[in-house]
Amino acid sequence: MRILCIGTIATLLFFAQKLTPVPLPVFILLFMPMSMFQLGSTTTDGIHFALIAFIMSALYKLYRDGYSYKLLTVLNVAIFVLITHRINFFPIALLPALLYFKEKNKQYLFGSGIVLFCTLFWIFYAMKIVPKKESDVGLLNVALHYISNPIATLKIFANTFQNANKVNFYHNSFAGQLGWLDYKVKQQFIEITYIFLTLILLLYLKIKYKIYDVLVVLCAIGIFVLTFFILLVQWTKFPCTTVIDGVQGRYLVPIAIMLTYPIYEEKKCALLNTVVAIGVGIYGFFSLYHTVLATLLRYYIK
(Lines give C-alpha, C1' and ligand atoms only; values in the text may rest on other atoms or scores of the structure.)
Protein backbone atom coordinates (compact mmCIF):
# COMPACT_ATOMS: atom_id res chain seq x y z
CA MET A 1 0.00 0.00 0.00
CA ARG A 2 2.83 2.41 0.83
CA ILE A 3 4.47 1.74 -2.54
CA LEU A 4 1.13 2.35 -4.28
CA CYS A 5 0.70 5.68 -2.48
CA ILE A 6 4.22 6.83 -3.32
CA GLY A 7 3.76 5.74 -6.94
CA THR A 8 0.50 7.70 -7.20
CA ILE A 9 2.12 10.79 -5.72
CA ALA A 10 5.11 10.54 -8.09
CA THR A 11 2.79 10.11 -11.09
CA LEU A 12 0.68 13.14 -10.19
CA LEU A 13 3.75 15.32 -9.67
CA PHE A 14 5.30 14.07 -12.93
CA PHE A 15 2.24 15.09 -14.97
CA ALA A 16 1.90 18.34 -13.00
CA GLN A 17 5.46 19.22 -13.98
CA LYS A 18 4.75 18.38 -17.63
CA LEU A 19 1.64 20.58 -17.75
CA THR A 20 3.04 23.62 -15.97
CA PRO A 21 6.41 23.65 -14.18
CA VAL A 22 5.75 23.21 -10.46
CA PRO A 23 6.91 26.33 -8.55
CA LEU A 24 10.06 25.77 -6.50
CA PRO A 25 8.36 26.82 -3.23
CA VAL A 26 5.91 23.94 -3.74
CA PHE A 27 8.82 21.51 -3.49
CA ILE A 28 9.84 23.13 -0.21
CA LEU A 29 6.28 22.57 1.03
CA LEU A 30 6.46 18.95 -0.15
CA PHE A 31 9.87 18.47 1.47
CA MET A 32 8.83 19.80 4.90
CA PRO A 33 9.04 17.16 7.66
CA MET A 34 5.26 17.12 8.00
CA SER A 35 4.85 16.55 4.27
CA MET A 36 7.65 13.98 4.18
CA PHE A 37 5.91 12.03 6.92
CA GLN A 38 2.57 12.14 5.09
CA LEU A 39 4.10 11.31 1.71
CA GLY A 40 5.65 8.17 3.20
CA SER A 41 2.52 7.11 5.09
CA THR A 42 -0.38 4.97 3.92
CA THR A 43 -2.80 7.90 4.14
CA THR A 44 -4.47 10.06 1.52
CA ASP A 45 -2.83 13.29 2.73
CA GLY A 46 0.26 12.89 0.57
CA ILE A 47 -1.90 12.09 -2.46
CA HIS A 48 -3.97 15.20 -1.80
CA PHE A 49 -0.81 17.32 -1.69
CA ALA A 50 0.23 16.01 -5.11
CA LEU A 51 -3.32 16.18 -6.46
CA ILE A 52 -3.68 19.89 -5.70
CA ALA A 53 -0.36 20.51 -7.49
CA PHE A 54 -1.68 18.60 -10.51
CA ILE A 55 -4.96 20.56 -10.46
CA MET A 56 -3.20 23.91 -10.31
CA SER A 57 -0.75 22.96 -13.07
CA ALA A 58 -3.69 21.84 -15.25
CA LEU A 59 -5.60 25.06 -14.55
CA TYR A 60 -2.68 27.26 -15.53
CA LYS A 61 -2.02 25.08 -18.59
CA LEU A 62 -5.59 25.77 -19.75
CA TYR A 63 -5.28 29.43 -18.87
CA ARG A 64 -2.02 29.74 -20.80
CA ASP A 65 -2.65 27.55 -23.87
CA GLY A 66 -6.43 27.51 -24.20
CA TYR A 67 -9.19 24.92 -24.22
CA SER A 68 -8.46 21.18 -24.36
CA TYR A 69 -11.33 18.72 -24.00
CA LYS A 70 -9.17 15.92 -22.60
CA LEU A 71 -7.34 18.10 -20.12
CA LEU A 72 -10.53 19.82 -18.94
CA THR A 73 -12.21 16.45 -18.43
CA VAL A 74 -9.28 15.09 -16.43
CA LEU A 75 -9.15 18.33 -14.43
CA ASN A 76 -12.84 18.16 -13.50
CA VAL A 77 -12.50 14.52 -12.44
CA ALA A 78 -9.46 15.44 -10.31
CA ILE A 79 -11.38 18.32 -8.70
CA PHE A 80 -14.34 16.06 -7.94
CA VAL A 81 -12.05 13.47 -6.33
CA LEU A 82 -10.34 16.16 -4.24
CA ILE A 83 -13.57 17.76 -3.02
CA THR A 84 -15.23 14.47 -2.08
CA HIS A 85 -12.19 13.75 0.11
CA ARG A 86 -11.69 17.33 1.34
CA ILE A 87 -14.97 19.24 1.32
CA ASN A 88 -13.18 22.45 2.29
CA PHE A 89 -11.81 22.60 -1.27
CA PHE A 90 -15.32 23.05 -2.68
CA PRO A 91 -14.58 26.61 -3.98
CA ILE A 92 -11.89 25.25 -6.30
CA ALA A 93 -14.67 23.82 -8.51
CA LEU A 94 -15.37 27.41 -9.61
CA LEU A 95 -11.90 28.03 -11.07
CA PRO A 96 -12.41 26.14 -14.36
CA ALA A 97 -15.72 27.99 -14.87
CA LEU A 98 -13.92 31.32 -14.55
CA LEU A 99 -11.85 30.43 -17.62
CA TYR A 100 -15.06 30.96 -19.60
CA PHE A 101 -14.61 34.73 -19.28
CA LYS A 102 -11.24 34.48 -21.03
CA GLU A 103 -12.23 32.26 -23.96
CA LYS A 104 -16.06 32.41 -23.94
CA ASN A 105 -16.13 28.61 -24.24
CA LYS A 106 -19.23 27.18 -22.59
CA GLN A 107 -17.52 23.84 -21.99
CA TYR A 108 -15.85 25.42 -18.95
CA LEU A 109 -19.26 26.30 -17.49
CA PHE A 110 -20.75 22.92 -18.37
CA GLY A 111 -17.92 20.95 -16.77
CA SER A 112 -17.90 23.02 -13.61
CA GLY A 113 -21.67 22.78 -13.41
CA ILE A 114 -21.55 18.99 -13.37
CA VAL A 115 -18.81 18.99 -10.71
CA LEU A 116 -20.71 21.50 -8.56
CA PHE A 117 -23.95 19.53 -8.80
CA CYS A 118 -22.30 16.21 -7.90
CA THR A 119 -20.28 17.65 -5.03
CA LEU A 120 -23.22 19.61 -3.59
CA PHE A 121 -25.31 16.44 -3.62
CA TRP A 122 -22.49 14.60 -1.86
CA ILE A 123 -21.97 17.35 0.74
CA PHE A 124 -25.62 17.74 1.72
CA TYR A 125 -26.13 14.00 1.81
CA ALA A 126 -23.10 13.54 4.07
CA MET A 127 -24.12 16.42 6.36
CA LYS A 128 -27.63 15.02 6.65
CA ILE A 129 -26.69 11.47 7.63
CA VAL A 130 -23.65 12.11 9.86
CA PRO A 131 -24.74 13.19 13.38
CA LYS A 132 -22.76 15.13 15.92
CA LYS A 133 -21.06 12.96 18.53
CA GLU A 134 -22.37 14.94 21.48
CA SER A 135 -25.99 14.93 20.40
CA ASP A 136 -28.41 13.90 17.70
CA VAL A 137 -28.24 17.35 16.08
CA GLY A 138 -27.34 16.90 12.42
CA LEU A 139 -24.33 18.68 10.92
CA LEU A 140 -26.57 20.61 8.55
CA ASN A 141 -28.47 22.10 11.49
CA VAL A 142 -25.21 22.97 13.23
CA ALA A 143 -23.92 24.72 10.10
CA LEU A 144 -27.17 26.68 9.74
CA HIS A 145 -26.91 27.76 13.38
CA TYR A 146 -23.49 29.38 12.85
CA ILE A 147 -24.45 30.87 9.47
CA SER A 148 -27.56 32.47 10.98
CA ASN A 149 -25.46 34.01 13.79
CA PRO A 150 -22.61 35.69 11.83
CA ILE A 151 -21.47 38.06 14.59
CA ALA A 152 -21.05 35.25 17.12
CA THR A 153 -19.32 33.10 14.50
CA LEU A 154 -16.88 35.89 13.63
CA LYS A 155 -16.05 36.25 17.32
CA ILE A 156 -15.22 32.52 17.46
CA PHE A 157 -12.88 32.94 14.48
CA ALA A 158 -11.27 36.00 16.09
CA ASN A 159 -10.79 34.14 19.38
CA THR A 160 -9.17 31.24 17.52
CA PHE A 161 -6.64 33.37 15.62
CA GLN A 162 -5.83 35.38 18.74
CA ASN A 163 -5.22 32.29 20.85
CA ALA A 164 -1.45 31.95 21.28
CA ASN A 165 -1.58 28.20 21.94
CA LYS A 166 -3.62 27.59 18.78
CA VAL A 167 -1.36 29.74 16.60
CA ASN A 168 1.76 28.03 17.96
CA PHE A 169 0.18 24.64 17.29
CA TYR A 170 -0.61 25.59 13.69
CA HIS A 171 2.94 26.90 13.31
CA ASN A 172 4.52 23.63 14.42
CA SER A 173 2.05 21.14 12.97
CA PHE A 174 2.21 22.80 9.54
CA ALA A 175 5.91 22.11 9.17
CA GLY A 176 7.25 19.60 11.66
CA GLN A 177 4.88 18.05 14.19
CA LEU A 178 4.53 14.38 13.26
CA GLY A 179 2.78 11.11 14.02
CA TRP A 180 -0.22 11.51 16.28
CA LEU A 181 1.04 15.06 16.85
CA ASP A 182 2.91 13.70 19.85
CA TYR A 183 6.41 14.48 18.62
CA LYS A 184 8.19 16.87 16.27
CA VAL A 185 11.51 17.61 14.64
CA LYS A 186 13.85 20.07 16.33
CA GLN A 187 12.29 23.49 16.72
CA GLN A 188 15.31 25.10 15.07
CA PHE A 189 14.67 23.15 11.87
CA ILE A 190 11.01 24.21 11.86
CA GLU A 191 12.12 27.85 12.02
CA ILE A 192 14.72 27.26 9.28
CA THR A 193 11.93 25.83 7.13
CA TYR A 194 9.85 28.98 7.48
CA ILE A 195 12.82 31.26 6.83
CA PHE A 196 13.90 29.33 3.72
CA LEU A 197 10.34 29.17 2.37
CA THR A 198 9.83 32.90 2.93
CA LEU A 199 13.10 33.81 1.20
CA ILE A 200 12.30 31.70 -1.87
CA LEU A 201 8.77 33.11 -2.06
CA LEU A 202 10.11 36.67 -1.90
CA LEU A 203 12.76 35.89 -4.51
CA TYR A 204 10.19 34.57 -6.98
CA LEU A 205 7.27 36.80 -5.99
CA LYS A 206 5.27 37.93 -9.00
CA ILE A 207 5.14 41.69 -9.52
CA LYS A 208 2.27 41.99 -11.99
CA TYR A 209 -0.86 39.96 -11.39
CA LYS A 210 -3.56 39.04 -13.85
CA ILE A 211 -7.22 38.93 -12.86
CA TYR A 212 -7.19 35.13 -12.81
CA ASP A 213 -4.27 35.16 -10.36
CA VAL A 214 -6.26 37.37 -8.02
CA LEU A 215 -9.28 35.08 -8.31
CA VAL A 216 -7.14 32.04 -7.44
CA VAL A 217 -5.78 33.87 -4.37
CA LEU A 218 -9.33 34.77 -3.28
CA CYS A 219 -10.36 31.15 -3.81
CA ALA A 220 -7.47 29.96 -1.61
CA ILE A 221 -8.51 32.42 1.12
CA GLY A 222 -12.06 31.11 0.87
CA ILE A 223 -10.81 27.53 1.27
CA PHE A 224 -8.78 28.60 4.31
CA VAL A 225 -11.86 30.11 5.98
CA LEU A 226 -14.03 27.14 4.98
CA THR A 227 -11.49 24.75 6.55
CA PHE A 228 -11.97 26.36 9.94
CA PHE A 229 -15.74 26.62 9.50
CA ILE A 230 -16.07 22.92 8.68
CA LEU A 231 -14.06 21.95 11.76
CA LEU A 232 -16.24 24.32 13.79
CA VAL A 233 -19.29 22.43 12.56
CA GLN A 234 -17.93 18.91 12.45
CA TRP A 235 -15.43 18.69 15.32
CA THR A 236 -15.88 21.54 17.81
CA LYS A 237 -18.27 20.93 20.67
CA PHE A 238 -21.65 22.48 19.93
CA PRO A 239 -22.59 25.19 20.68
CA CYS A 240 -19.18 26.88 20.61
CA THR A 241 -18.48 30.31 22.08
CA THR A 242 -14.68 30.14 22.46
CA VAL A 243 -12.27 28.69 19.86
CA ILE A 244 -12.39 26.24 16.95
CA ASP A 245 -10.94 22.80 17.65
CA GLY A 246 -9.65 20.11 15.31
CA VAL A 247 -7.67 22.18 12.81
CA GLN A 248 -4.16 20.83 12.22
CA GLY A 249 -1.35 22.52 10.34
CA ARG A 250 -1.24 19.74 7.73
CA TYR A 251 -4.75 20.71 6.63
CA LEU A 252 -3.27 24.01 5.45
CA VAL A 253 -0.43 22.53 3.37
CA PRO A 254 -2.51 21.93 0.21
CA ILE A 255 -3.89 25.48 0.53
CA ALA A 256 -0.32 26.80 0.65
CA ILE A 257 0.54 24.73 -2.44
CA MET A 258 -2.46 26.19 -4.24
CA LEU A 259 -1.60 29.74 -3.19
CA THR A 260 1.97 29.42 -4.48
CA TYR A 261 0.93 29.15 -8.15
CA PRO A 262 -0.67 32.60 -8.65
CA ILE A 263 2.04 34.50 -6.76
CA TYR A 264 5.06 32.71 -8.30
CA GLU A 265 7.02 33.88 -11.32
CA GLU A 266 10.04 31.92 -12.50
CA LYS A 267 13.15 33.99 -13.17
CA LYS A 268 14.77 34.00 -16.60
CA CYS A 269 18.20 33.58 -15.05
CA ALA A 270 18.99 29.87 -15.53
CA LEU A 271 21.92 30.04 -13.09
CA LEU A 272 19.74 31.46 -10.32
CA ASN A 273 17.06 28.83 -10.90
CA THR A 274 19.67 26.07 -10.82
CA VAL A 275 21.26 27.34 -7.61
CA VAL A 276 17.86 27.63 -5.90
CA ALA A 277 16.83 24.17 -7.12
CA ILE A 278 20.04 22.72 -5.64
CA GLY A 279 19.28 24.55 -2.39
CA VAL A 280 15.78 23.07 -2.33
CA GLY A 281 17.27 19.61 -2.88
CA ILE A 282 19.73 20.10 -0.01
CA TYR A 283 16.87 21.26 2.20
CA GLY A 284 14.93 18.13 1.25
CA PHE A 285 17.87 15.92 2.25
CA PHE A 286 18.18 17.51 5.69
CA SER A 287 14.40 17.47 6.13
CA LEU A 288 14.35 13.73 5.47
CA TYR A 289 17.21 13.30 7.96
CA HIS A 290 15.38 15.22 10.70
CA THR A 291 12.10 13.44 9.96
CA VAL A 292 13.66 9.97 10.17
CA LEU A 293 15.70 10.90 13.27
CA ALA A 294 12.68 12.27 15.13
CA THR A 295 10.63 9.19 14.22
CA LEU A 296 13.37 6.80 15.34
CA LEU A 297 13.77 8.63 18.63
CA ARG A 298 10.02 8.58 19.21
CA TYR A 299 9.23 4.95 18.36
CA TYR A 300 12.39 2.88 18.22
CA ILE A 301 15.30 4.38 20.19
CA LYS A 302 14.67 4.58 23.91
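The sections below set out a description of the structure shown in this document.

Cut-offs used in this document
- Residues numbered from 1 in each chain as written.
- Predicted model: local features only at pLDDT ≥ 70, side-chain atom pairs only at ≥ 80, totals over all residues.
- Heavy atoms only, no water.
- Helix = DSSP H or I, 4+ residues; strand = E, 2+ residues; numbered from the N terminus.
- Buried < 20%, exposed > 50% of the residue type's maximum accessible area, 1.4 Å probe, protein only.
- Polar contact = N/O pair within 3.5 Å; in protein donor to acceptor, adjacent residues only side chain to side chain.
- Contact = heavy atoms within 4.5 Å.
- Core = buried A, V, L, I, M, F, W, Y, C linked by side-chain atoms within 4.5 Å.
- Salt bridge = Lys/Arg side-chain N within 4 Å of Asp/Glu carboxyl O.
- Axes fitted to C-alpha atoms, helices over the stretch in contact; angles between N-to-C directions.
- Parallel < 35°, antiparallel > 145°, perpendicular 65-115°, else oblique.
- Left-handed = near helix turned anticlockwise from the far one by under 90°.

1. Examining the side chain of Ser173
When you line up the elements, Ser173 lands in helix α11 (residues 164–175). Here Ser173 falls in the buried class, since its relative accessible area comes to 0%. In terms of polar contacts, Ser173 uses its side chain to reach the backbone amide nitrogen of Gly249, at 2.8 Å. Residues contacting Ser173, with those up to four places away along its chain left out, are Met34, Leu181, Gln248, Gly249 and Arg250.

2. Remarks on the nonpolar core
Within the largest apolar cluster, 87 residues are counted, with the highest numbers of intra-cluster contacts made by Ile55, Met56, Ile92, Ile257 and Met258. Counting residues per element, this core draws most heavily on helix α4 (residues 45–65), which supplies 13 residues. Among residues more than four places away in sequence, those in contact with Ile92 are Ile52, Ile55, Met56, Ile79, Ile83, Cys219, Ile223 and Met258.

3. Some details on the pattern of salt bridges
This model, assessed by the stated rule, comprises 7 salt bridges. The shortest N-O distance in the salt bridge between Asp213 and Lys206 comes to 3.1 Å. In this pair, the class of Asp213 matches that of Lys206, namely buried. Through salt bridges with shared partners, one network takes in Asp45, Arg86 and Arg250.

4. A short note on the packing of helix α9 (residues 139–147) against helix α13 (residues 211–234)
Relative placement of two packed helices is described by the angle separating their axes and the distance separating the axes. Running from amino to carboxyl end, α9 crosses α13 at an angle of 120°, the nearest separation of the two axes being 9 Å. Classified by the angle their axes make, α9 and α13 are oblique. With respect to the hand of their crossing, α9 and α13 are arranged in right-handed fashion. Facing Leu139, Val142, Ala143, Tyr146 and Ile147 of α9, the residues of α13 in contact are Phe229, Leu232, Val233 and Gln234.

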